[in-house]
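# Topology and contacts: notes
Spelled out from the first residue to the last, the chains are:
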Amino acid sequence: MTMVVGDSKEMGLGGGFVVPNTNSFGQTFRDYDAASERQKSVEEFYRANHIHQTYDFVKKMREEYGKLDRVEMSIWECIELLNEFVDESDPDLDEPQIEHLLQTAEAIRKDYPDEDWLHLTGLIHDLGKVLLHPSFGQLPQWAVVGDTFPVGCAFDESNVHFKHFKENPDYDNPKYNTKLGVYSEGCGLENVLMSFGHDDYMYLVAKENNTTLPSAALFAIRYHSFYPLHKHGAYQYLLNKEDRENLKWLHIFNKYDLYSKSKVRIDVEEVKPYYLSLIEKYFPAKLKW
Ligand SMILES: O[C@H]1[C@H](O)[C@@H](O)[C@H](O)[C@@H](O)[C@H]1O
Ligand SMILES: [Fe+2]
Ligand SMILES: [Fe+2]
């Protein structure tokens, strides 16, 4: 039995995943106001993100990137491409993305050893960040990372750095700035346009390449950055019954996505054979991106 020294919350029994009290900068997770070396640049990131993610922008990007006509590569090749990127929206992590993917997957594996689909979901959930790469047009960070939110209806105040939405052209547009905007009560998230980024893009890649992952996996990939919903319970009026079901797995998934972020590196070569076997089980050898 492993005992981890710390207060009661940090104590882990039996080798399961232990939720740390603080991130690797000594702060609580997702504290966007804490004075840290990353605070200013993260806020700058959200300012640009909130200004530029409009209804029209999202529509255009979805059409363009939904074609999947840019690159052909395997899941593992994509993982390796992510080695060079650090996410500018993240107050908790400044390691290359490949570390975060493996940390998430391995943390899930500790607590859910039999749910191999969830391990793979952890491994691939952020692969959409490949949009930052030159072969994808080197999109700016504000169009790829950060929390997501619906466009086409009023922005909820639970969004991180909400005040910067006031500079978004949709903020004053009566078509888009009411509670429901262009949507109807209970219409289902599938019918809602979310701010464009790595979540929705990776969902499209997985679906269009005919993954055999279950729908809870696709939902987790697609909405894992939708913190206003899964952390704050905002935007409930857009959900349908299926969304509420899938949300249960997203809550589980989020614990590992967020709290596995650390400076402790995973030995890539050691775990690679296991993940290659999962990729082979759920994906074709080459995918369209
Ligand atoms: O900074 C993080 C990071 O970009 C994650 O990949 C995303 O899923 C989170 O929602 C975001 O806040
Ligand atoms: Fe993400
Ligand atoms: Fe993540």
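Before any of the text, the structure's been laid out above.
Note that the structure is predicted; figures quoted are calculated from it, not measured.

The rules behind these values
- Residues numbered from 1 in each chain as written.
- Chains lettered and ligands numbered in written order.
- Predicted model: local features only at pLDDT ≥ 70, side-chain atom pairs only at ≥ 80, totals over all residues.
- Heavy atoms only, no water.
- Donors = N, O, S within 2.8 Å, 3.2 Å for Na, K, Ca; no water.
- Helix = DSSP H or I, 4+ residues; strand = E, 2+ residues; numbered from the N terminus.
- Buried < 20%, exposed > 50% of the residue type's maximum accessible area, 1.4 Å probe, protein only.
- Phe/Tyr/Trp six-rings, centres within 6.5 Å; stacked < 30°, edge-to-face > 60°.
- Lys NZ or Arg CZ within 6 Å of the ring centre and 35° of its normal.
- Contact = heavy atoms within 4.5 Å.

## Observations regarding the coordination of the iron ion (ligand 2)
Within the protein, D126 (OD), H198 (NE2) and H224 (NE2) serve as the donor atoms for the iron ion (ligand 2), at 2.0 to 2.2 Å. All donors of the iron ion (ligand 2) belong to a single chain; written as a sequence motif, their spacing is D-x71-H-x25-H. Separating the iron ion (ligand 2) and the iron ion (ligand 3) is a distance of 3.7 Å, and D126 donates to both of them. Taken together, the positions of H198 in helix α6 (residues 198–208) and H224 in the loop between α7 (215–223) and α8 (227–230) put the pair 26 residues apart, joining distant regions of the chain. With relative accessibility at 2%, the residue H198 sits in the buried group. Under the relative-accessibility criterion, H224 is labelled buried at 3%.

## Quick word on the packing of aromatic side chains
Per the counting criterion, the structure on display carries 21 aromatic pairs. Arranged with centres 4.9 Å apart and planes meeting at 75°, the rings of F29 and Y259 form a pair that is edge-to-face. Here F29 is found in the segment before α1 (39–52), whereas its partner Y259 is found in helix α9 (residues 241–259), with 230 residues between them in sequence. Considering the side-chain rings of F226 and Y235, the 5.5 Å spacing of their centres and the 50° angle between planes classify their relative orientation as tilted. Residue class for F226 comes out buried when judged on its relative accessible area of 0%. Connected via pairs of aromatic rings, a cluster forms that spans F17, Y112, W117, W249 and Y256. In this structure, R70 is placed above the aromatic ring of Y65, and the distance from its NZ or CZ to the ring centre is 4.2 Å.

## With respect to α6
Judged by how many residues are buried, α6 sits mostly within the fold: nine of eleven residues are covered. Those residues of α6 that are buried are in contact with α2 (55–65), α3 (75–81), α5 (116–124), α7 and β2 (287–288). In the segment just after α6, N210 is the residue with positive phi, at about 60°.

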